[in-house]
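Observations on the model geometry
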Amino acid sequence: MQESDVVDLIEGLTARQLRLWVGKGWVRPSGGQTGPEFDELELARIRLIRQLRHDMKVNIEALPIVLSLIDQVYDLRRELRNLALAVEAQPGHVKSEIATAYRDRLDEGGAKQ
């Protein structure tokens, strides 16, 4: 999707805002033959930034911090999903040992660290 398509699609978004966000690295379109191209993931991020800036009134100085924290949460979720898949692929006795070790850690207060 081209820049003009994105601006037409997302209510209240201007080309100037979008270029600023790309320039700051908050949005990372791929390079197309006719300019930047935005995929569905970038569209979702643009909508998020728009919501943070305009609906939630997050200021321009705080926005990189908020985006970084959101990115970290998504990265952690992906890592946990991969870990869960790796555990699920193990034999039953290994899964049971992992579950026991996990419960023991929780009982020791390990979830608070």
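As a starting point, this report considers the structure included with it. Per chain, residues are indexed from 1 in the order of the written sequence. With pLDDT at 70 or above as the cut-off, local features in this predicted model cover only qualifying residues; side-chain atom pairs require 80 or more to be listed or tallied, and sums for whole chains, interfaces and linings still use all residues. Water and hydrogen atoms play no part in the side-chain values, which are based on all heavy atoms of the structure.

1. With respect to helix α3 (residues 40-55)
The periodicity of an α-helix, 3.6 residues per turn, causes residues three or four positions apart to be oriented the same way. Put simply, DSSP H or I for four residues or longer makes a helix, DSSP E for two residues or longer makes a strand, and each gets a number counted from the N terminus. To estimate how far a helix should extend, the number of its residues minus one is multiplied by 1.5 Å. Compared with an ideal rise of 1.5 Å per residue, which puts 16 residues at 22 Å, α3 spans 21 Å between its outermost C-alpha atoms and is within 8% of the ideal. Pairs of residues are marked as contacts when any of their non-hydrogen atoms sit within 4.5 Å. Looking at the buried residues of α3, the elements they touch are α1 (3-9), α2 (15-23) and α4 (63-88). Under the rule applied, a polar contact is a pair of N or O atoms within 3.5 Å (in protein, one hydrogen donor and one hydrogen acceptor; residues adjacent in sequence only if both atoms are side-chain atoms). Its side-chain oxygen at 3.2 Å from the backbone nitrogen of Leu41, Asp39 defines the N-terminal cap of α3. Taken from the residues just after α3, Lys57 is the one with a positive phi, measuring 60°.

2. Here's the deal with the side chain of Gln17
By the element assignment, Gln17 lies in helix α2. Residues contacting Gln17, with those up to four places away along its chain left out, are Gly12 and His54.

3. Things to note about the packing of α3 against α4
A fitted line through C-alpha atoms represents every axis, and for helices the fit uses only the stretch in contact; the resulting angles, taken between N-to-C directions, go from 0 to 180 degrees. Two elements in contact, α3 and α4, have axes separated by 11 Å at closest approach and are oriented at 135°. With respect to each other, α3 and α4 are oriented oblique. Here α3 runs over α4; the crossing is right-handed. Contact residues: α3 offers Arg45, Leu48, Ile49, Leu52 and Arg53, while α4 offers Leu63, Val66, Leu67, Ile70 and Asp71. Note on terminology: angles under 35 degrees are roughly parallel, angles over 145 are roughly antiparallel, angles of 65 to 115 are roughly perpendicular, and the others are oblique. By convention, the crossing between two helices is left-handed when the near helix turns anticlockwise from the far helix through less than a right angle, and right-handed when the turn is clockwise.

4. Considering the nonpolar core
Looking at soluble globular proteins, one finds that nonpolar side chains tend to be buried together. To form a nonpolar core, buried Ala, Val, Leu, Ile, Met, Phe, Trp, Tyr and Cys residues must be joined to one another through side-chain atoms within 4.5 Å. Exposure is judged per residue with a 1.4 Å probe applied to protein chains only, and the accessible area is read against the type maximum: over 50% gives exposed, under 20% gives buried, and values in between give partly exposed. Counting residues in each nonpolar core, the largest one holds 16 residues, and the members touching the most others are Val6, Leu13, Leu18, Trp21, Ile46, Ile49 and Leu63. Among the secondary structure elements, those contributing two or more residues to this core are α1, α2, α3 and α4. The dominant element in this core, judged by the number of residues it contributes, is α3, at 4 residues. In contact with Leu63, not counting residues within four places along its chain, are Trp26, Ile49, Leu52, Arg53 and Val58.

5. Remarks on the packing of α2 against α3
The N-to-C vectors of α2 and α3 enclose an angle of 105°; their axes lie 12 Å apart at closest approach. As the angle between them shows, α2 and α3 are arranged roughly perpendicular. In this structure, α2 contributes Gln17, Leu18 and Trp21 to the contact, and α3 contributes Ile46, Ile49, Arg50 and His54.

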